[in-house]
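Listed here are the chains, written in short residue letters.
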Amino acid sequence: MRVTESMAMRDFLRSVAGTQEKMLEAQNKVSTGRGILRPSDNPREVSDIIRLNADKIEVSQYARNVEFGRSRLEFTDTALASLQGMVERVRFLALSAIGSSIDSDSFSVEVEGLRDQIVGSANAAFQGRFIFGGSDGETPPFQKDAAGVVTYKGNSDVVKVQTGRASTLQTQIPGSELFGTGNDVFKSMTDLIAAMKSGVKSDIDAKLKPIVSAWEGLSLSRSRVGSLINVADSASQEMTALSLAREKNLVDLESADLTETLSEFQSYQSALQSTLAVGARISQLSLLDYLR
Amino acid sequence: MSGVASIMNSALRSMETATQALAVASNNIANEGTPGYARQRLIVQPAPNEGDMMLTGSGVEAVRIEAIRDLLLENRLRDEISSETSSDLLHSKLRDVEILFNDIAETGMLGVITEFFNSFHDLALDPASINAREQVQTAAENLAQSFQTRGDQLRQMQTVADKDLVSYLENINSLAKRIAGLAKDIQVQEVGGQNANSLRNQRTALVNELSQYIGVNELEGADGNYRLSIGSTLFVFDGQTVPLTWDTSATGGFVSVKLGSVDVSSTVTSGRVFAQQQIRDKFVPDYISKLDQLAYEITTEVNAIHSVSYDRSGNTGVNFFDPLASASSAARLIKLNSAISTDPTKIAAAKLVAGTDNQAATDIGNLTHKQVFTGGSVIDQYRSLVFTIGNDTTNVGGELDHHAALLHQLRNRRDSISGVSADEETMDILRFQRAYQASASLIRIVDELLQTILSMVVR
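Remember, predicted model here, so these are calculated numbers, not experimental data.

A. Structural detail: the overall build of chain A. On a plain count of helices and strands, chain A comes out with seven helices and six strands. Ordered by position in the sequence, the α and β elements of chain A form the string α-α-α-β-β-β-β-β-β-α-α-α-α. Along the first, second and third principal axes, the C-alpha atoms of chain A reach 140 × 30 × 25 Å. By residue count, 32% of the 292 residues in chain A fall in the buried class. Pairs at least 24 apart in sequence give 70% of the contacts found in chain A among residues at least 6 apart.

B. Broad picture of the overall build of chain B. The secondary structure content of chain B amounts to eleven helices and nine strands. A compact globule built from 459 residues should have a C-alpha radius of gyration of about 23 Å, whereas chain B, at 38 Å, is more than 25% larger. In terms of overall dimensions, chain B has a C-alpha envelope of 145 × 45 × 30 Å along the principal axes. Counting across all 459 residues of chain B, residues that qualify as buried make up 43%. In chain B, the share of contacts with a sequence separation of at least 24, taken over all contacts with a separation of at least 6, comes to 70%.

C. Broad picture of the interface of chain A and chain B. Between chain A and chain B, the contact holds 42 residues from the first and 45 residues from the second. At the level of secondary structure, the elements contributing two or more residues to the side of chain A that touches chain B comprise α1 (5-32), α2 (43-99) and β5 (160-162) of chain A. Considering every element that reaches the side of chain A that touches chain B, the biggest residue donor is α2 of chain A, with 13 residues.

D. Broad picture of unusual backbone geometry. Residues and elements named next belong to chain B. You will see that E106, though not glycine, has its phi angle at about 60 degrees, which is positive. When you line up the elements, E106 lands in the loop between α2 (71-100) and α3 (110-125). Judged by C-beta crowding, with 9 C-beta atoms within 10 Å, E106 ranks as exposed. With a phi close to 50 degrees, D238 is a non-glycine residue in the positive phi region. For D238, the position within the fold is in the loop between β5 (233-237) and β6 (240-241).

E. View of the nonpolar core. Residues and elements named next belong to chain B. Counting residues in hydrophobic clusters, the biggest one holds 143 residues, and the most contacted among them are I179 and L210. Top contributing element to this core by residue count: helix α4 (residues 130-191), with 19 residues. Leaving out residues up to four positions away in the same chain, L210 has contacts with I172, L175, A176, I179 and V216. Judged by nonpolar contacts, the second largest core, of eight residues, contains M15, V24, A25 and F432.

F. Representation of the pairing of strand β3 (residues 217-220) of chain B in the model. Residues and elements named next belong to chain B. As judged from the four bridges shared by β3 and strand β4 (residues 226-230), these two strands associate in the antiparallel manner. Residue L219 lies in a different strand from β4, and its bridge partner there is R227. The turn joining β3 and β4, which pair antiparallel and follow one another in sequence, is formed by five residues; a positive phi near 85 degrees is taken by G224.

G. Here's a closer look at the packing of α2 of chain A against helix α6 (residues 201-254) of chain A. Residues and elements named next belong to chain A. Relative to each other, α2 and α6 sit at 160 degrees, their axes nearing to 7 Å. One way to sum up the angle between α2 and α6 is to call them roughly antiparallel. The hand of the α2/α6 crossing is left-handed. Each residue belonging to the contact of α2 with α6 can be placed in one class, and the counts come to 30 nonpolar, eleven polar and 16 charged.

H. Fine view of the sheet that holds strand β8 (residues 256-259) of chain B. Residue and element names in this part refer to chain B. If you trace the three strands from one edge of the open sheet to the other, you get β7-β8-β9, paired in antiparallel fashion. Across the chains shown, the open sheet's two edge strands, defined by having one partner strand only, are β7 (244-247) and β9 (262-263). Two elements, β8 and β9, share two bridges in a ladder whose sense is antiparallel. If you follow L259 over to β9, its bridge partner there is V262.

I. View of the packing of α3 of chain B against α4 of chain B. All names here are of chain B. Across the interface, α3 lies against α4 with an axial gap of 9 Å and an inter-helix angle of 160 degrees. On the basis of their axis angle, the class for α3 and α4 is roughly antiparallel. Classified by chirality, the crossing of α4 by α3 is left-handed. Across the interface between the two elements, V112, I113, E115, F116, S119, F120, D122 and L123 of α3 pack against A132, R133, Q135, V136, A139, A140, N142, L143 and S146 of α4. Taken together, the residues that form the contact of α3 with α4 break down as ten nonpolar, four polar and three charged.

J. Structural detail: the sheet that holds β5 of chain B. Sheet architecture is open: four strands sit in the order β3-β4-β5-β6 (chain B), paired in antiparallel fashion. For this open sheet the edge positions go to β3 and β6 of chain B, each flanked by a neighbour on one side alone.

K. Structural view of the environment of I29 of chain B. Structurally, I29 of chain B is set in helix α1 (residues 2-30). Taking C-alpha positions, I29 of chain B is 9.6 Å from D423 of chain B, a pair spaced 394 residues apart along the chain.

L. Representation of the pairing of β4 of chain B within the structure. All names here are of chain B. Burial of β4 is one-sided: the residues Y226, L228 and I230 facing one way are buried, the residues R227 and S229 facing the other way are not. Of the strand pairs in this sheet, β4 and β5 are connected by three bridges, and their pairing is antiparallel. What sits directly across from L228, in β5, is V236. Where β4 hands over to β5, the hairpin turn is made up of two residues, of which G231 adopts a positive phi near 65 degrees.

M. Geometry of α1 of chain A. All names here are of chain A. With 28 residues, α1 extends 40 Å from end C-alpha to end C-alpha; this agrees with the ideal 40 Å at 1.5 Å per step. Those residues of α1 lying buried are E5, M7, T19, A26 and K29. Backbone geometry just after α1 places G33 at a positive phi near 75 degrees.

N. Here's a closer look at the confidence of the model for chain A. For chain A, mean pLDDT is 91; residues scoring 70 or higher make up 100% of the total. No element of chain A has a lower mean pLDDT than helix α7 (residues 258-284) of chain A, at 88, and none a higher one than strand β6 (residues 168-170) of chain A, at 96.

O. Seen up close, the environment of K207 of chain A. Residues and elements named next belong to chain A. The residue K207 is located in helix α6 in this model. Residue classification places K207 among the partly exposed residues on the basis of 19 C-beta atoms within 10 Å. Residues in contact with K207, not counting those within four places in the same chain, are S188, D191, L192 and A195.

Rules used throughout
For every chain, the first residue of its written sequence is number 1, and the numbers climb from 1 along that sequence. Think of it this way: whatever chain is written first is A, whatever ligand is written first is 1, and the rest follow in order. Totals for whole chains, interfaces and linings use every residue, but because this is a predicted model, local features are given only for residues with pLDDT of at least 70 and side-chain atom pairs only at 80 or more, for both listing and counting. Helix and strand assignments follow DSSP, with helices taken as H or I runs no shorter than four residues and strands as E runs no shorter than two, numbered in order from the N terminus. Whether a residue is buried, exposed or partly exposed is read from the other C-beta atoms within 10 Å of its own C-beta, which are placed from the backbone; 20 or more gives buried, 12 or fewer gives exposed, and intermediate counts give partly exposed. Our contact criterion uses C-beta atoms placed from the backbone: two residues qualify when those atoms are within 7 Å. Taken over C-alpha atoms, the radius of gyration is set against a globule rule of 2.2 Å times the number of residues to the power 0.38. For this entry, the nonpolar core is defined as buried Ala, Val, Leu, Ile, Met, Phe, Trp, Tyr and Cys residues connected by C-beta atoms within 7 Å. When DSSP locates at least two bridges between a pair of strands, those strands are taken to pair. Convention adopted: a line fitted to C-alpha atoms gives each axis, helices being fitted over their contacting stretch, and angles between N-to-C directions are expressed from 0 to 180 degrees. These descriptions rest on fixed angle ranges, namely under 35 degrees for roughly parallel, over 145 for roughly antiparallel, 65 to 115 for roughly perpendicular, and the rest for oblique. Working rule for handedness: look at the near helix, and if it is turned counterclockwise from the far one by less than a right angle, call the crossing left-handed; if clockwise, right-handed. Any residue that is not Ala, Val, Leu, Ile, Met, Phe, Trp, Tyr, Cys, Pro, Asp, Glu, Lys or Arg is counted as polar, Gly included; the first ten are nonpolar and the last four charged. In a helix, the anticipated span is given by 1.5 Å times the number of residues less one. For every residue, the predictor assigns a confidence score, pLDDT, that lies between 0 and 100.

Encoded structure:
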């Protein structure tokens with residue numbers, strides 16, 4: 001084939017430009033740490049990367065939900081423990097009133113105090129929201145009127161948060177179920193106080209039973225909360241494992257193989273060097289140099 | 001005597017021919033880098049016998065100057081210039097589109113979409129919180145804006161393509177006029193028996209330049225009648241041109257290219273005009289409609305839950321986004337209901353009339369993975385849009401590589417045939433220099449012969 005200077009020059013420029021482009025691409029991969037820089041580099045993989053990233057974000061939202069639920073449940077557990085202690089004390093006082101020769105009226109003062117304390121604890125708030133109001137976190141769930149009658153103002157909604165595509169976590173127990181369904185502990189205590197004041201031991205004994213069942217109700221609530229905390233724990237462990245696996249997939253897809261990219265870069269570099277060396281030689285060669 | 005004189009003549013003619021050949025070589029060297037230039041050769045032949053003597057011949061004579069070119073190759077080269085230019089332009093435009101959806105470099109929409117739905121999950125954690133409600137507002141406004149920006153930018157790409165297309169027409173018409181003028185000059189010169197190589201070179205260069213704007217077919221009749229057509233519609237003929245014009249009668253208020261009264265838009269298959277048409281009419285509209293569909297479905301799905309749910313005061317029946325009649329322009333129209341954007345307590349997070357529960361917020365949050373969108377989930381639908389854009393760009397990039405490689409090869413093949421080689425020309429110069437010197441020596445020898453004869457006479 002007949003070869004002209006312009007052909008040699010064109011080939012030279014094309015291979016220099018081509019190699020420089022590849023070097024720039026490799027350099028970008030190294031500096032960003034990514035094997036893919038834009039959708040057109042590998043549309044299929046980019047589509048997978050978007051899905052994996054979306055999954056990762058979704059899972060981290062579930063993790064946040066679980067974390068929030070668990071803290072609220074742990075707080076609930078603490079509140080339940082203190083409620084249980086107070087109801088236990090009421091039971092103890094009632095038993096003491098029955099068994100002692102002291103005027104039972106003297107026990108009623110402490111029981112009255114405990115009733116207010118229980119109202120206080122049943123109105124416990126986590127991050128500014130009442131935890132025993134059902135879904136209503138803003139209204140104090142247990143309210144005492146002027147006559148001393150305590151009414152439940154919350155609702156019976158069971159509050160849940162999403163912890164997976166098909167799983168939810170109950171994060172609180174409505175006040176209506178707190179002391180066992182249909183069990184009005186405050187009325188029982190008011191009755192107990194009245195019985196103590198009257199001093200009739202058999203009356204006191206009769207009012208003890210609802211107190212005991214309130215204690216049992218609380219105990220049941222506590223064990224429910226405990227098992228919910230377990231659910232939250234295992235959910236969060238599962239999620240950690242899941243996000244680690246996802247992260248690995250993502251890293252595998254997204255990351256540049258540094259060794260490979262660097263060795264590519266080096267091979268482009270030496271290709272460019274030899275192209276430049278040869279190119280410079282070509283343009284020096286001319287018949288004119290050998291004449292005369 | 002006549003013998004000596006004829007040697008003199010033949011030597012003189014040889015010197016003239018060598019001079020002419022030197023001129024051709026020097027012209028070749030001078031035009032080494034001129035676009036469209038085809039190297040020229042002086043075609044010579046033995047001069048016919050003059051006298052009645054023995055048949056020695058009477059030296060050399062120049063017949064014509066010939067440009068060395070392969071017309072078939074030049075046609076393919078022109079077509080390839082046209083195709084490579086359109087692929088190149090198309091590819092760079094698609095690269096621009098790609099930036100709007102490059103989630104690898106975090107310039108895509110994945111972030112705003114997931115943040116929007118997650119803000120509802122966060123609201124579900126504490127539906128009474130004004131702060132969480134304000135975050136939903138912000139995330140929704142970011143999402144709407146993200147759609148609007150992209151919708152506007154895509155639309156703008158169409159407008160720019162349309163404007164650029166119009167701006168090409170003036171150039172194309174002026175190139176066509178010059179080509180028509182040259183074609184006429186060539187015909188006149190060649191009918192008159194002269195060579196029009198240099199005009200032909202100029203015409204080739206202009207047609208190649210024209211081909212970058214718009215793909216044309218070239219036809220040169222045996223009678224020297226030169227024609228260019230776009231598709232099958234004549235553009236340049238008989239030294240005349242039909243002007244390319246435009247009107248906006250086509251749908252979408254965009255320009256259609258017309259040749260005389262014929263709409264040639266659909267017959268253009270290469271060149272920048274083609275690339276702009278492809279961007280404006282094929283690629284970008286596809287992306288816009290996919291983006292619109294996504295915006296429309298998000299609006300519809302979110303509203304479907306929100307409008308039957310309850311806000312803090314137990315009100316229901318309120319849309320979250322302004323409802324859209326259809327997907328058309330949805331990306332540019334998506335907007336928060338003004339009731340929601342002015343009062344975050346109007347966000348309906350509850351499924352129950354009391355307005356205190358979080359089920360509606362959870363349900364909207366769960367839309368991230370619910371398979372209720374045309375493409376599966378909202379994420380699936382979004383990534384299918386990104387895939388389409390990425391895939392189109394990859395394909396056009398592949399075409400560009402193909403055309404660039406072919407163009408490179410064709411240019412080299414053309415140069416191999418028509419290109420000037422400085423070494424070759426230098427060799428020719430030496431050769432003709434020697435021929436000139438030899439002929440000059442011959443004249444001196446003849447002169448000596450004549451002097452010998454003259455001195456005999458004088459004596």
